[in-house]
Amino acid sequence: MNFVQPIRDPLLISEVKQYYRIRSDRDYMLFVFGVNIGLRISDILPRRVRDVRGRTHILLREKKTGKQKLMAINNKLQKELKKYIEGKADDEYLFPSRQKDKHGLQKPIGREQAYKILRKAADEFNIDQFGTHTLRKTWGYNAYEQGMTLAEIKDVFNHSTEAMTSRYIGLTQDSIDSKVRKIWV
């Protein structure tokens, strides 16, 4: 597995949103949802319309940890979701694939397809160290930049230490890079 980084530049995030907005509602919402919710891709993809319709929080059991989680949906994401799910049935997946299950219902896109979708923008904008985890890390990095403490982000991510969270969202790397750039022997 490759090491991925958050998208740190707010302008780049806006450009990626615009890139998806003109290409696909589903792909746009996948990116916007991912960078605004702080969940792993494995917890994003199985979400259904009923999980978000009229809600201020998402209640789920994390696939990786098995822990129950209640994650707030910020106001802007609520507005985007409201537009996106208009006319959709409650049992529909937020991010449907073309594949159908044995009952003829659409399945959600898989992790590999999500990666391919996200990789298109990464290639378009020359974003290195990019993967599906970039969405979660981007949320964490921006949450920190907008005033959440490392302790709060640690709790959201279920990390064991703040140092782990700092490394995970790229703050440790930012600090090291800044110091290395000043070294002149």
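None of the values given here were measured: they were computed from a predicted structure.

UniProt feature "domain: Tyr recombinase" (unreviewed entry): in the numbering of this structure it lies at residues 6–181. As annotated, residues 6–181 comprises 55% helix and 10% strand, and the C-alpha atoms at either end are separated by 20 Å.

Here we take up the packing of helix 2 (residues 25–37) against helix 6 (residues 111–124). Between helix 2 and helix 6, the shortest axis-to-axis distance is 11 Å and the interhelical angle comes to 90°. In terms of orientation, helix 2 lies roughly perpendicular with respect to helix 6. Judged by residue contacts, R26, D27, L30 and F31 of helix 2 engage A114, I117 and L118 from helix 6. Counted by class, the contact of helix 2 with helix 6 contains five nonpolar, no polar and two charged residues.

We now examine the packing of helix 1 (residues 10–21) against helix 6. Each pair of packed helices can be summarised by the angle the axes make with each other and by the distance between the axes. In contact at an axis separation of 10 Å, helix 1 and helix 6 are set at 120° when each is read in the N-to-C sense. Classified by the angle their axes make, helix 1 and helix 6 are oblique. Like other packed secondary-structure pairs, helix 1 and helix 6 cross with a definite hand, here right-handed. Taken together, the residues of helix 6 that come into contact with helix 1 (itself represented by V16, Y19 and Y20) are I117, L118, K120, A121 and E124.

Structurally, N142 can be placed in helix 7 (residues 133–145). Residue classification places N142 among the buried residues on the basis of a relative accessible area of 14%. Here the side chain of N142 touches T138 through a polar contact of 2.8 Å, landing on its backbone oxygen. Discounting residues that sit within four places of it in the chain, N142 has contacts with I7 and I13.

According to the stated counting rule, one finds six aromatic pairs in the structure shown. Here the aromatic residues Y19, Y20, F31 and F125 are joined through ring pairs into a cluster of three or more. One Lys or Arg, R8, reaches over the ring of Y141 and ends 5.3 Å from the middle of that ring. Taking the ring centre of Y168 as reference, the NZ or CZ of K137 above it sits at 4.9 Å.

As a further point, take the pattern of salt bridges. All told, the structure shown has eight salt bridges when counted by the stated rule. Ionic pairing is found between K154 and D155, a salt bridge with its closest N-O pair at 3.3 Å. The buried category is assigned to K154, whose relative accessible area is 18%. When salt bridges with common partners are traced through the structure, they connect R40, E62 and K69 into a single cluster.

Side-chain alternation along strand 2 (residues 68–72) places K69 and M71 on a buried face and Q68, L70 and A72 on a face that remains uncovered. Pairing between strand 1 (residues 57–61) and strand 2: five bridges, direction antiparallel. Looking at the pairing, H57 lines up with A72 of strand 2. Hairpin connection between strand 1 and strand 2: a loop of six residues separates the two successive antiparallel strands, and G66 in this loop has a positive phi of roughly 75°.

This part covers the environment of Q78. Mapped onto the secondary structure, Q78 falls in helix 5 (residues 75–85). With relative accessibility at 25%, the residue Q78 sits in the partly exposed group. Sequence spacing of Q78 and R50 is 28 residues, and the spatial spacing of their C-alpha atoms is 13 Å. Leaving out residues up to four positions away in the same chain, Q78 has contacts with R55, T56 and I73.

Rules of the game
- Residues numbered from 1 in each chain as written.
- Predicted model: local features only at pLDDT ≥ 70, side-chain atom pairs only at ≥ 80, totals over all residues.
- Heavy atoms only, no water.
- UniProt positions renumbered as here; feature names shortened; annotations may be inferred.
- Helix = DSSP H or I, 4+ residues; strand = E, 2+ residues; numbered from the N terminus.
- Axes fitted to C-alpha atoms, helices over the stretch in contact; angles between N-to-C directions.
- Parallel < 35°, antiparallel > 145°, perpendicular 65-115°, else oblique.
- Contact = heavy atoms within 4.5 Å.
- Nonpolar A, V, L, I, M, F, W, Y, C, P; charged D, E, K, R; others polar.
- Left-handed = near helix turned anticlockwise from the far one by under 90°.
- Buried < 20%, exposed > 50% of the residue type's maximum accessible area, 1.4 Å probe, protein only.
- Polar contact = N/O pair within 3.5 Å; in protein donor to acceptor, adjacent residues only side chain to side chain.
- Phe/Tyr/Trp six-rings, centres within 6.5 Å; stacked < 30°, edge-to-face > 60°.
- Lys NZ or Arg CZ within 6 Å of the ring centre and 35° of its normal.
- Salt bridge = Lys/Arg side-chain N within 4 Å of Asp/Glu carboxyl O.
- Pairing = 2+ DSSP bridges.

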